[in-house]
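Here's the letter readout for the chains.
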Amino acid sequence: MQMLTKCCWGWGDRSRACDCADDSVREQEPEGQGHRVPSVPPPHHPFSTARSDPLDPPRQRKARCVPLLAASLHNGTIQLWNYQMGTLVDRYDEHDGPVRGICFHPTQPIFCSGGDDYKIKVWNYKQRKCLFTLTGHLDYVRTVFFHREYPWIISASDDQTIRIWNWQSRTCIAILTGHNHYIMCAQFHPWDDLVVSASMDLTVRVWDISGLRKKNQAHQAPMSFEEQVARANQGQADLFGNTDAVVKYVLEGHDRGVNWASFHPTLPLIVSCGDDRQIKLWRMSETKAWEVDSCRGHFNNVSMTMFHPKHELILSASEDKTIRVWDMTKRTAVQTFRREHDRFWVLTAHPELNLFAAGHDNGLIVFKLERERPAFSLSGNQLFYVKDKVVRMADLTTGTNQGICSVRKLGSQWVQPRTLSYNPAERAVIVTTASADNGQYELVALPKSTGPSAGDGKDVPSDGKKGAGSCAIFVARNRLAVLDKTGQNIEIRDLSNNLTKSVKCPVQTNEVFYGGTASLLLSSTNSVVLFDIQQQKVLAEITTPPVKYVIWSSDGNMVALLSKHTITIANKSLVQTALIHETIRIKSAAWDDSGVLVYTTLNHIKYALPQGDNGIIKTLDQPVYLTRVKGQIVHCLDRSAKPRTISIDPTEYRFKLALVRKNYDEVLQIIRTSNLVGQSIIGYLQKKGYPEIALHFVQDPQTRFDLAIECGNLDVAVEMARTVDREDVWTRLGAAALKQGNHSIVETAYQKTKSFDKLSFLYLITGNTQKLGMMQVIATKRGDNMSRFQNSLYLGDAQARVAVLRETGQYPLAYYTAKTNGLDDTALDILEEAGMTEDDLPPPPQNAGHSSLAPPVASFSQAEANWPIKNLGESFFDRALANGGVEGFVGQEANGDAGETLDAWAAGGADEPMGEDEEEGAEDEGWDLDAEVVAPEEEDVTEEAAAGEADLSEGVSQGVGENEMWTRNSPLAADHAAAGSFESAMQLLNRQVAAVNFAPLKSFFLQAYTSAHVHVPANPSLPPLEFNVRRNPETTEMREVLPLSSFNLHDIKSGELAEANRFFSRGKFVEALNAFRAVLVKMLLVVVSSQSEADEVKEIVTTCREYIIGLTMETERRKLVVDDPDNVTRNLELAAYFTHCKLSSSHVQLALRSAMSAFSKAGNHATAAVFARRLIDANPADTKVITQARAVLTQGDRNPRDAHEIAYDHFTPFEICPGSLTPIYSGSPSVLAAYTGARYLPEYKNTVCVVDGITQVGLPASGLRSLV
């Protein structure tokens, strides 16, 4: 591999990087601190590396979005890697010589690079090209970095300068001079206007670039005189940037060249490293900077160092082939990674995740510093887990989360606990952690109170009982088991942590897990053992890879043994039922309530059925650790130990589970209610032997045809064959139909493929001589003499055979054929035609007399019906599903078309395309439904039989059905409609509200009926069972039973009526009008239980009437504005009338504002002032409305005139006629609509009310009843 010179993490949009399969990810999770991951780049960041010689330390940086890693090599190549998959995405080769620096932009799809060709290049990895090149350095470019906010790039070079570039304008905006040797590194501060640089001149320099920022910042306010003078003089010193960027501190302390320096992400600290093998920590203040301490331990040049993004740690990479982790407060090494032959050059940290990457002589590695999987235990709805060494409890039902106590004193402060075991009986937990020797555990009694604790648990010490042991779990209410891995003993202790028993491990045990009461699962390197502690006996053993986690189902009957890349599913006796292998690391698992194992990998949530079928449920951005699966909700902990819920669709695995368990009712329910699609489902159904179910999911005709042939469904196969219409499809269909004896479909297939010889033989064996004769005519039309001869043989037609032989010149054969069949005259004619005599012919066989070769006669003619086959019975799905929507019997349809096809061939020749001019008949044509039905003669019934029947029925009378009881018990139209007595319901409404037009009520009648009846499927071939649903099921008196009401007053008020009001407020008048009218119609069928509710129904009817009349006027007025804008008088009249509708206060204000505006614009200031005064009296909440109304009122007082005379008298009370939309003043004649109470002019009598569209105007009625 080429020497690595620089690496950088980054996010991007590259589709090649995003659309990656899940089975190639190389990330691994360590057992403890410092566990290493294979040599590939990490998730969702571009990462860059570079390397040349010992004086060229490699560098790394991060940006965000797609898992990309950029690696710059000594040979001048830049490589983009998908570090999740470990695959090469792209490469760039435009640099001449080693590329030493590379960096991704934090947000844009670009990265920059610098190399030994003195050039800085900016690349767009979406467009896969170099955008431009920045030139100006005079020697090797060591590092390049983007600014977090401004369009700047900072570069460090061996020409002893640092340059800052504007990559948008592509110019150098500052040159920082001061170092007197190679500058190895220069980078921006994470959030301040500072730059830090490291040089081989033994110094680290901190630069202040606030002047550069101010110079390039857009000024929001005018500059002062001093600022203008300073800005005008800036150009005089811009040659080396000494006014834009000045040295703030010079840090001296290294004995040899400094290779790297970087800022702390949040604190005023700097860390640096160099060839003196030291890592130095520096602190800054506003006025000075000083050395805090040094970390010593490397025994070769230190290439790079950095702060941990979240913890008080320092990481360093060195040419001594190690990566070391240092405690920043104690300045001591806490962990060391070591390689045998490769020096480390570059090091970087993921900005959000617990991931680090390092580059060495032969590649890259990705690793973690601490364990990510949180220690947790689930008990009912309570999840106990450890986050930041605090035991916390999350309630999965309410989502609450609180800290309980701290376990900071357990083990190292940098090592998170490995496991947590909860004892609900004693409310105690055991927390274990890894250590250098045997591990530690702590038994903690949790506080009894569930209230919030001090400092969210951080300030509550555990005060637990500690002990040594690599694993510790509860095995009973008052017993815990501790594994002494060194001595291979299992110690049984009580809740006081006193030893009660010690048991020798029967096998070499690495971990122990709960195996049931008084039992343990012991994990060795190649097996798991079920061990009974009391009997000290091995109960069962199963061979597995090393098991890391054990997940029991809720009922304890199934267990999942999770290894690094495998899941072993077994029952409670450790009998294996399935083994699942994954190419990437398995993270966690949990059992679903239905008995399906849901597990997670690095980037997927997957499922596994007990027998081994598995699949993908959901793709993940980041790994999660499952705690519980409940229905469609997955409860989990993320990498930061934060409880989360993820919604999933369990349809696929529940469908497969129902198939495995042969729960066909559930399968059918899922098919009908879900949208399962995809080749995976189809392939699964085919594999499991259910192609008839797969038909339901497929729309592609070719695939449907293949499935139909596989499951023997000829009906669907014929339909799809006609859609595809290819010769090979018809050939396969003919072969499949022939196996089933469905010769009518075989006939159609042979016709489509023009297999004439096969058709002739089919007609022969089915005894269809009529069509066989037609085949002979067709053969004549085609000029196929061999087919003519064959058909004449099948028909026993000697004359036809003789004719074919004569036409083909076979005179001897023709003569003997005629002679043997008794056609002596024809034989003589043949001899004469051939110019021969009998002596010229061979002698006939001896005893050759007159004989006729006739075909055998079919014993049972099958011309009109298919061959009988044994009926094996239909499967569940053949009965339940619709077989792809094929209606009728396809065989009969094919048979019916056959004769027409043959006739067409016989008449027009066989070369015409088949089926082009065929017209399909009507759907019911083949059933002869229009034919005259001849009634059979009635047989004489004997008197004895009639007498017997009379005796059997004597004294038996039919009871009263519940539907009829409902009609008898209730005077409400809604109850009669629910009983199915629509006619009596209409009669009631006619008497009560004068209803005459029942078309708007049809759907509501049907809804009332269906809501009061439930139909339950019965046995196959039987009609469903019908049950009546009562609204008073508690009553036992049949005279009081009543049907369920489908229209509830409260629901209509909170639903449709509220929605209508919202439409009105938003100015959606057409929608509001329809909504109020729908409420008005529903009120006819509302059933209430009290008089107060009955009164409320009447109030709603009145309210709807007013709104409907008002909205009708407003919609008419707005229509008038568009259609007849010159009719100002009518426009103003409708606006004025609208203000007198009895609406809610806020809606009346809206009407008044509209009328006030319309009258003001039209010049009717006097009437506009009337509306303004009414509006002010209504006291609107908006002060702007009051101000506007007062202005209109003032204008009316100044100019009390109206430009247009209208028919409107606001002093006299009136009501609006809904028909004419004109006022009916008090004392004027009018007629009444019985239901709504709307008043009409007399000429509208006996018309249908335009308000409700149901009742007749002027017809007297008794009044609507809603209460029984």
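Residues numbered from 1 in each chain as written. Predicted model: local features only at pLDDT ≥ 70, side-chain atom pairs only at ≥ 80, totals over all residues. Heavy atoms only, no water.

**Here's the deal with the overall build of the protein**
Cut-off, in case you're wondering: The secondary structure listing takes helices from DSSP runs of H or I that are at least 4 residues long and strands from runs of E that are at least 2 residues long, numbered from the N terminus. Buried means the residue's accessible area, taken with a 1.4 Å probe over protein chains only, is under 20% of the maximum for its type, while exposed means over 50%, and partly exposed covers the values in between. Contacts were defined at the residue level, with two residues in contact if any of their heavy atoms lie within 4.5 Å. Computed with the Shrake-Rupley method and a 1.4 Å probe, the accessible areas treat only the protein chains shown as cover for residues.
When helices and strands are counted, the protein shows 31 helices and 62 strands. When each of the 1268 residues of the protein is scored for burial, the buried share is 50%. Across the protein, the fraction of contacts at a sequence separation of at least 24, relative to all contacts at a separation of at least 6, is 53%. Split by element, the accessible area of the protein, about 59000 Å² in all, is 49% carbon and sulfur.

**Notes on the side chain of Thr305**
Tracing the backbone shows Thr305 in strand β23 (residues 302-307). Overall, the relative accessible area of 0% leaves Thr305 in the buried class. Non-local contacts of Thr305, meaning those with residues more than four positions away in its chain, are made with Trp260, Ser262, Val271, Ser272, Cys273, Ile279, Ile314, Leu315 and Ser316.

**Observations regarding helix α17 (residues 824-834)**
Note the threshold: Along the arc lie the directions from the helix axis toward the C-beta atoms.
Among all positions of α17, only Ala827, Ile830 and Leu831 are buried. All buried residues of α17 fall inside an arc of 95° around its axis, so they share one side. Counted as exposed and oriented over 90 degrees from the buried face of α17: Asp825 and Glu832. On its buried side, α17 packs onto α15 (798-807) and α16 (811-820). Taken from the residues just after α17, Gly835 is the one with a positive phi, measuring 70°.

**Some thoughts on the side chain of Thr817**
Selection criterion: Pairing of N or O atoms within 3.5 Å defines a polar contact, subject to two protein rules: one partner must be a possible hydrogen donor and the other a possible acceptor, and residues neighboring in sequence count only if both atoms are side-chain atoms.
Mapped onto the elements of the fold, Thr817 is located in helix α16. Here Leu813 takes part through its backbone oxygen, which lies 2.6 Å from a polar atom of the side chain of Thr817. Setting aside its immediate chain neighbours within four residues, Thr817 contacts Ala798, Arg801, Val802 and Leu805.

**Points about the packing of aromatic side chains**
Counted only if it meets this: For Phe, Tyr and Trp, rings pair up if their centres lie within 6.5 Å, where Trp contributes its six-membered ring, and each pair is then called stacked (planes under 30 degrees apart), edge-to-face (over 60) or tilted (otherwise). Sitting over a ring, as applied to charges here, requires NZ of Lys or CZ of Arg to be within 6 Å of the ring centre and within 35 degrees of the ring normal.
For the structure on display, the rule yields 29 aromatic pairs. Here Phe111 and Trp123 contribute two aromatic rings whose centre-to-centre distance is 5.9 Å and whose plane-to-plane angle is 10°, an arrangement assigned as stacked. Within this pair, whereas Phe111 is found in strand β8 (residues 110-115), its partner Trp123 is found in strand β9 (residues 119-124), the two being separated by 12 residues in sequence. For the pair Phe111 and Trp123, a shared accessibility class is recorded, and that class is buried. Relative to Trp260, the ring of Phe145 lies with its centre 6.2 Å away and its plane at 70°, an arrangement referred to as edge-to-face. One end of the pair, Phe145, is in strand β11 (residues 141-146); the other, Trp260, is in strand β19 (residues 258-263), and 115 residues separate them in sequence. As far as burial versus exposure is concerned, Phe145 and Trp260 are alike and both buried. In this structure an aromatic cluster arises from ring pairing among Tyr1137, Phe1159, Phe1171, Tyr1208, Phe1214 and Tyr1225. Geometry around Trp290 places Lys288 over its ring, the cationic atom sitting 5.4 Å from the centre. For Arg782, the ring lying beneath its charged end belongs to Phe756, and the centroid distance is 3.9 Å.

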